Each structure stands twice: as C-alpha cells, then as structure tokens.
Amino acid sequence: MVDALGVAVVGFGWMGRVHTQAYARVRHHYPRLALRPELVAVAEEVPGRAEEAADRFGFATATRDWREVAADPRVQAVSIAAPNFLHREIAVAMARAGKHIWIEKPVGLSLDDARAVARAVAEAGVQGTVGFNYRNAPAVEAARDLIAAGEIGTVTHVRVRLFSDYAAHPESALTWRYERERGGSGVLGDLASHGADLARFLLGDIASLTADTAIFLPERARPTGATAGHSRAAGGTPGPVENEDYVSCLLRFASGARGVLEACRVSVGEQNNYGFEVHGTTGAVFWDFRRMNELGVSRGTGYQDQPVSTVYVGPGHGEFGAFQPGAANAMGYDDLKVVEAYRFLRSVAEGVPHGATLPDAVRGAAVLDAMARSALSGAWVTPEVPA
Ligand SMILES: NC(=O)c1ccc[n+]([C@@H]2O[C@H](COP(=O)([O-])OP(=O)(O)OC[C@H]3O[C@@H](n4cnc5c(N)ncnc54)[C@H](O)[C@@H]3O)[C@@H](O)[C@H]2O)c1
C-alpha cells in the first residue's frame, strides 16, 4: 500500500519547474518508493504564473501567496524554489507548520540564515533536503567511493572549478541575483556553494581557506518585466551589481589535503564547465559535468606515465540503475533532481535523512562565509563549525 503525500512548490521559475517534473517522474524511476507525491499547491508571485503551472502540471491549487500553502493542511511537503532572500522566512514557516522541506541551495543569504532553517527543521522534527544536485551524479558518487577505498592512494590535492557564462552578456538583467538584499552573495552562493559541497562530499571538511573575489561587470540594466532564470534586459535603467562575479580560493582540508576552488559566472566561452580533479599519491580521478556519466581514472603502481582510463558509469554506480539499463546511456541534469526527489521522499517515508541535509547546507554556508571574510581581510580563515 502506497500512501499519498501532498506536496507544494513555492517559486515557479527554473527550479520550481524542475522540482515539479521530478515529483511527477519519481515513481517512474522508483516504483518501490513508499510515498506517492500529489501536486496539491503551487505558489508564485508573478501574476498568472502559478495558474499556468497548475494547468500544465496538474497542481490542485494555485496562489500568489506562499502563506496559504503554509496554512494548507493538505500540504505535507514543500519545495522551496524562490529567490534566496525568501528561503529563511518560507522554510522556517513551513517547518513550523509541520511540513517537510526540499529547499534549494544556498539556503538563504548567509550562514545565519542556513543555521536558522536547520534549527527550525530540527525543532519541528521534519525532514529537510537541500538542492546540492551534483553530488547525486552516479559518477560523483563513484569518485567518492573510489577515493574512500584508497584507490588513488592518499589524497594530496583537488581542483574544483565552476565556470559559466550565464551572466556574461552585458544585457543580462539586473535580477535578484545581483543584489545583496535579495541574492546575498553572487557567484559564491550561486556556483561556489555547489563546489564547496562537492569538495566536502569528496574529501571531508575544510579546515581553513583564503579567497579572492572580483566584480567584472559592475553595472547591468534593471528588468523591465517579470524575469525567470537568466533573463536579458535591454533598455532598462542601469544599476550596480552588488555581489561578486568571480572567486578563487585556496583550501586546506582537515585531512591535510590541499585544494583550489575557482568559480565565475561571467566566463565567456564556458557553458557549465563544472568539475573536479582529485589527485592522490598513486592515482587521480577526474569529473566534468558536461560529460556527466564519465570518470577519468588513473590508478596503479606506475606513478609516472600512468595511463588514464575513461570509465562510463553504469547500473552498479549510485542511482544510475534507476534510469538506464547499461553504461553509457546518458543521464541528464533533470535526472539528478529526480534522484534528489527520491532521497527527499524516502527521508520522509523512513523518518531518517538520505542525501544532502540542512547540516550539509550549514557547513557549506560556513565555507562560503569564510571565503567572503577572507576576501575582505586577505587572511587565511577557518570556517565556523556549526553549534
Ligand atoms: N540546484 C541548482 O542547480 C540550482 C540551479 C538554479 C537555481 N538554484 C536555486 O534555486 C532558487 C531559484 O532559482 P531559479 O533559477 O529557479 O530562479 P528564478 O528567478 O527562475 O525563479 C524564482 C521564482 O520565484 C518567484 N518568486 C519570487 N518571489 C516569490 C514569492 N514571494 N512567492 C512565490 N514565488 C516567488 C519568481 O517570480 C520566480 O518565478 C535559488 O535559490 C537558486 O540559488 C539552484
């Protein structure tokens, strides 16, 4: 017997749509999941957008006010896919109303916000899953397993990169993303948050770091209408970009390993160039999001001139088997969100967390907070350890 779980989505831009599609697909891939999500409500501020979502995806109710979702007894779980400045207020209210939450990264504007959400979730005894989707890639899980099994020896250093051109166009609109008040940090929260999570997922906690940031496009045009994702705005009045386009960071891990994390949102010629290279005393493992289902692996006893092989992940790796019958049949970005939905719903069904949790978000936010502090002071900084 499979129980229904009433779900709602707040914020119906890119992520709201992807979460909704993940709910719709999750039982196709996980038929043994003990819960069946039912699309009960969608809340979206832009007039007509919630109704359009309800019409297209089958939500029973559409509203412009997320508070109606918090008060709706049919809703048991909520996806929070609104802009960062709303994460804390919405998430705390939903948790206090007894709703499980699946919340997008970076979980608020600051470390303080992430902590407040984590606290509310813990106090309410609900489940909380965070949108660190890249760790759901089977190849990333395979890399972590391979590192943990000592197959590349002792890890010496890692390079994590996240380069994108989504903000490179001079006409890309001055949306909430570029404002301190509504977006918080810039590329730190947007991309480096994924990088910090990947670094921690693969190699454990970061003991100290030093970072440098820069704004390369200091002015953009204000949008002249409603925006979603990375809209363009020609002709709007110009306004200042308030947060960083770029970060570079040196990392020291608790294990003693060293790392470099670099992220940029205005890299012309780079489309989702996200990935890592982890090096150990006897080998290395490489991953590139654009070839998401492949790993470059070098292992053996050769040290010098040791070959690198391409491993196509398959049903034996992570959740790959829920999507494809054999290696080298590609999974895509949206599939990572289906894995995330599965882990969220499984957490709710079993009452124990699976996948990225709010304590992960707090630790990641502490790393971003340390990067911001270091960029101001120029010093090596220790990320705050969560209370
Ligand atoms: N995990 C990932 O790979 C990933 C990718 C992109 C964005 N994100 C995160 O997802 C969140 C949303 O990003 P996006 O790219 O979907 O942004 P978006 O701008 O496309 O969508 C945000 C939506 O929220 C709506 N909104 C604003 N105020 C609202 C309110 N008070 N009530 C209800 N809806 C409201 C906006 O109108 C918009 O439709 C952000 O926190 C972002 O960091 C995560």
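No experiment lies behind these values; they were computed from the predicted model shown.

(A) Structural view of the sheet that holds strand S16 (residues 309–312). Read from one edge to the other, the open sheet built from eight strands follows the order S8-S11-S12-S7-S13-S14-S15-S16, with strand pairing classed as mixed. Each of the sheet's edge strands pairs with one partner strand only, and the pair in question is strand S8 (206–214) and S16. Strand-to-strand, the axes of this sheet are offset by a mean angle of 15°, without reference to chain direction. Relative to strand S11 (residues 246–253), S8 runs antiparallel, the two sharing eight bridges. Its bridge partner being in S11, Leu209 is matched across the sheet by Leu251. With respect to the sheet, helix H10 (residues 358–377) is in contact with S8, S11 and strand S12 (258–264), its orientation differing from that of S8 by roughly 55°.

(B) Molecular detail of helix H2 (residues 49–57). Within H2 the residues assigned to the buried category are Arg49, Ala50, Ala53 and Ala54. Burial along H2 is one-sided: seen end-on, the buried residues are contained in an arc of 140°. In H2, those exposed residues whose orientation departs by more than 90 degrees from the buried face are Glu52, Asp55 and Arg56. Turning to H2, the residues buried within the fold contact strand S2 (35–43) and strand S3 (61–63). Positive phi shows up at Gly58, right after H2, with a value of about 95°.

(C) Up close: the sheet that holds strand S6 (residues 128–130). Read from one edge to the other, the open sheet built from six strands follows the order S3-S2-S1-S4-S5-S6, with strand pairing classed as parallel. A single partner strand is all that each edge strand has here, and the edge strands are S3 and S6. The mean angle between the axes of side-by-side strands here comes to 25°, regardless of whether they run parallel or antiparallel. Relative to S6, strand S5 (residues 100–103) is paired through three bridges, and the arrangement is parallel. Paired with Ile101 across the strands is Gly128, a residue of S6. Of the strands in this sheet, strand S1 (3–10), S2, strand S4 (77–80) and S5 are in contact with helix H1 (residues 14–29), which crosses S2 at around 155°.

(D) Expanded view of unusual backbone geometry. Cis geometry is found at the peptide bond from Lys105 to Pro106, where omega equals 5°. For Pro106, the position within the fold is in the loop between S5 and helix H5 (111–124). For Asn272, which is not glycine, the phi dihedral falls at a positive 50°. Within the element layout of this structure, Asn272 appears in the loop between S12 and strand S13 (273–280). Positioned with a positive phi, Asp305 is a non-glycine residue whose angle comes to about 60°. For Asp305, the position within the fold is in the loop between strand S15 (294–298) and S16.

(E) Local environment of the packing of aromatic side chains. All chains considered together, the criterion is met by 15 aromatic pairs. Summarising the aromatic geometry, the rings of Phe12 and Phe57 are spaced 5.7 Å apart at their centres and angled 50° between planes, so their arrangement reads as tilted. Placement of Phe12 in the loop between S1 and H1 and of Phe57 in helix H2 is noted, with a sequence separation of 45 residues between them. Relative accessible area serves as the criterion here: at 8%, Phe12 is assigned to the buried category. Put simply, the rings of Trp14, Tyr134, Tyr274, Phe276, Trp287, Phe289 and Tyr333 touch in pairs and so form one group of aromatic residues. Note that Arg252 overlies the ring of Trp380, its terminal NZ or CZ placed 3.8 Å from the centroid.

(F) Looking closely at the pairing of S13. Buried residues dominate S13, accounting for seven of its eight residues. Alignment of strand S7 (residues 155–163) against S13, held across eight bridges, turns out to be antiparallel. By the bridge assignment, Arg159 is partnered in S13 with Glu277. Sheet topology note: the S13/strand S14 (residues 284–288) ladder contains five bridges and is antiparallel. Paired with His279 across the two strands is Ala284, which belongs to S14.

(G) Representation of the nonpolar core within the structure. By size, the foremost hydrophobic cluster in this structure holds 91 residues, and its most contacted members are Phe276, Val278, Val285, Trp287 and Met371. Per-element tally for this core: the top contributor is helix H8 (residues 187–203), with ten residues. Both domains that meet at this core, namely domain 1 (3–133) and domain 2 (137–327 + 357–377), each give it at least three residues.

(H) Layout of H5. Between the first and last C-alpha of H5 there are 20 Å, a value that for 14 residues agrees with the 20 Å anticipated at 1.5 Å per step. Residues of H5 that are buried: Leu111, Asp113, Ala114, Ala116, Val117, Ala118, Ala120 and Val121. Structurally, H5 contributes buried residues whose contacts are with helix H4 (84–96), S5, S6 and H10. Positive backbone phi, at 70°, marks Gly125, one or two positions downstream of H5.

(I) Inspection of the state of the cysteines at higher detail. Within this structure, the stated rule accounts for zero disulfides. Not engaged in a disulfide, the cysteine Cys249 finds its nearest cysteine sulfur in Cys264; these two sulfurs lie 15 Å apart.

(J) Focus on the UniProt feature "domain: Gfo/Idh/MocA-like oxidoreductase N-terminal" (unreviewed entry) in the protein. Feature annotation in UniProt assigns "domain: Gfo/Idh/MocA-like oxidoreductase N-terminal" (unreviewed entry) to the following positions: residues 6–132. Secondary structure across residues 6–132 comprises 45% helix and 22% strand; the distance between its end C-alpha atoms is 23 Å.

(K) Structural context of the pattern of salt bridges. Going through the model one piece at a time under the given rule, you end up with 31 salt bridges. Where Glu104 meets Lys337, a salt bridge forms, and the shortest distance between an N and an O atom there is 2.7 Å. You can see Glu104 sitting in the loop between S5 and H5 and its partner Lys337 sitting in helix H9 (residues 333–350), a full 233 residues away along the chain. With respect to burial, Glu104 and Lys337 carry one shared label: buried. Here Glu179 and Arg182 are joined by a salt bridge, their closest N and O atoms 2.8 Å apart. Overall, Arg182 belongs to the partly exposed group, its relative accessible area being 30%.

Definitions and limits used
- Residues numbered from 1 in each chain as written.
- Predicted model: local features only at pLDDT ≥ 70, side-chain atom pairs only at ≥ 80, totals over all residues.
- Heavy atoms only, no water.
- Pairing = 2+ DSSP bridges.
- Helix = DSSP H or I, 4+ residues; strand = E, 2+ residues; numbered from the N terminus.
- Axes fitted to C-alpha atoms, helices over the stretch in contact; angles between N-to-C directions.
- Contact = heavy atoms within 4.5 Å.
- Buried < 20%, exposed > 50% of the residue type's maximum accessible area, 1.4 Å probe, protein only.
- Arc of directions from axis to C-beta.
- Phe/Tyr/Trp six-rings, centres within 6.5 Å; stacked < 30°, edge-to-face > 60°.
- Lys NZ or Arg CZ within 6 Å of the ring centre and 35° of its normal.
- Core = buried A, V, L, I, M, F, W, Y, C linked by side-chain atoms within 4.5 Å.
- Domains from an automatic or database assignment.
- Expected span 1.5 Å × (residues − 1).
- Disulfide = S-S within 2.5 Å.
- UniProt positions renumbered as here; feature names shortened; annotations may be inferred.
- Salt bridge = Lys/Arg side-chain N within 4 Å of Asp/Glu carboxyl O.

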